[in-house]
Amino acid sequence: MSLERINPAELSPATGFSHAVAATGTRLVFLAGQTALDGAGKVVGESLPEQFEVALANLLAALAAAGGTPADLARVTVYAVDVAAYRTHAAELGRIWRRSAGRDYPAMAVLGVVRLWDDQALVELDGVAVLA
């Protein structure tokens, strides 16, 4: 498996994401949306960064169970109920990402949503990984 991260010089600098990711491999893993649910099914964390860290850990746990690593992520979509808060916490969220998933960024998008399945959830992440 290989992922080629493509960030053309004529586009704005890719900070915390890649503009494009070309993937070759034999197995696609589609990762369902993950929020900050604990093992009992309760949303944990009061703040956006706290919930982001748990949601990312849940996404990476599902990926690991499928045999993948964070470097295998080709695409991640973030759904945020408050995009302004997401932007405010962007530096902290970036530190959480790098600590948990490293610096090989997938193609990413952040979408503002009215609400998520659980009323208390502030953020949800889903993704696609390409495994060898």
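Below, the structure is looked at part by part. (Residues numbered from 1 in each chain as written. Predicted model: local features only at pLDDT ≥ 70, side-chain atom pairs only at ≥ 80, totals over all residues. Heavy atoms only, no water.)

For the coordinates displayed, the defined rule picks out two salt bridges. Put simply, Glu53 and Arg99 hold a salt bridge, and the shortest N to O gap is 2.8 Å. Pair noted here: Glu53 is in helix 1 (residues 48-65) and Arg99 is in helix 3 (residues 90-101), with a separation of 46 residues, a long-range link. The class of Glu53 is partly exposed, set by a relative accessible area of 32%. Ionic pairing is found between Arg115 and Asp119, a salt bridge with its closest N-O pair at 2.3 Å. Accessibility expressed as a relative area gives 46% for Arg115, which makes it partly exposed. (Salt bridge = Lys/Arg side-chain N within 4 Å of Asp/Glu carboxyl O. Helix = DSSP H or I, 4+ residues; strand = E, 2+ residues; numbered from the N terminus. Buried < 20%, exposed > 50% of the residue type's maximum accessible area, 1.4 Å probe, protein only.)

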